[in-house]
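This is what each chain is made of:
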Amino acid sequence: MHYTAPLSRSQAVQLGEEVGMILAFATNALHHTHGVDIDKLMQAFMSSAALDLTAARYLKVLEEGHRPGEAAGRAGAALIRDWADAVRESRSRQQATTPAAPAGESAQ
């Protein structure tokens, strides 16, 4: 399907279904690979910012002439990379705010 701006009702419905599938596959991949809590991850991925970004990425790849499956794969991979970057950033901030053990003591 070729998307045009503004989207027709049927295009919007189909885009929503396609983005939902991208989110579902990304969530399942992260759950099975890293044991991430599905409910918490879906809550994060269902934010309007995540939905908008995933839809925009998906549409961009489609507009470049790629097939829907490849566009979905690229959008899903970008979503997973965003998640991994956010996890790394969160851990880095947490480590920066965790007080260091006094000299001579080992951290447990």
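One can find the structure itself at the top, above this paragraph.
What you see is a predicted model, and the numbers here were worked out from it, not measured in a lab.

### Focus: the nonpolar core
Inside soluble globular proteins, nonpolar side chains tend to come together where they are buried.
Part 1: Within the largest apolar cluster, 17 residues are counted, with the highest numbers of intra-cluster contacts made by Leu15, Phe45 and Tyr58.
Part 2: Every element with two or more residues in this core is listed here: helix 1 (9-34), helix 2 (38-45), helix 3 (48-63) and helix 4 (68-97).
Part 3: Take this core: its biggest share by element is 6 residues, from helix 1.

### Thoughts on the pattern of salt bridges
Part 1: The full count for this structure, using the stated rule, is 4 salt bridges.
Part 2: Across the salt bridge formed by aspartate 82 and arginine 57, the nearest N and O atoms sit 2.7 Å from each other. Taken together, the residues span a long stretch of sequence, with aspartate 82 in helix 4 and arginine 57 in helix 3 at a distance of 25 residues.
Part 3: According to the relative accessible area criterion, aspartate 82 is partly exposed, its value standing at 30%.
Part 4: Overall, arginine 57 belongs to the partly exposed group, its relative accessible area being 23%.
Part 5: Glutamate 70 serves as the salt-bridge partner of arginine 74, at 2.7 Å between the closest nitrogen and oxygen. Of this pair, arginine 74 and glutamate 70 both sit in helix 4, 4 residues apart, which is roughly one turn of that helix.

Thresholds, definitions, all that
Residues numbered from 1 in each chain as written. Predicted model: local features only at pLDDT ≥ 70, side-chain atom pairs only at ≥ 80, totals over all residues. Heavy atoms only, no water. Core = buried A, V, L, I, M, F, W, Y, C linked by side-chain atoms within 4.5 Å. Buried < 20%, exposed > 50% of the residue type's maximum accessible area, 1.4 Å probe, protein only. Helix = DSSP H or I, 4+ residues; strand = E, 2+ residues; numbered from the N terminus. Salt bridge = Lys/Arg side-chain N within 4 Å of Asp/Glu carboxyl O.

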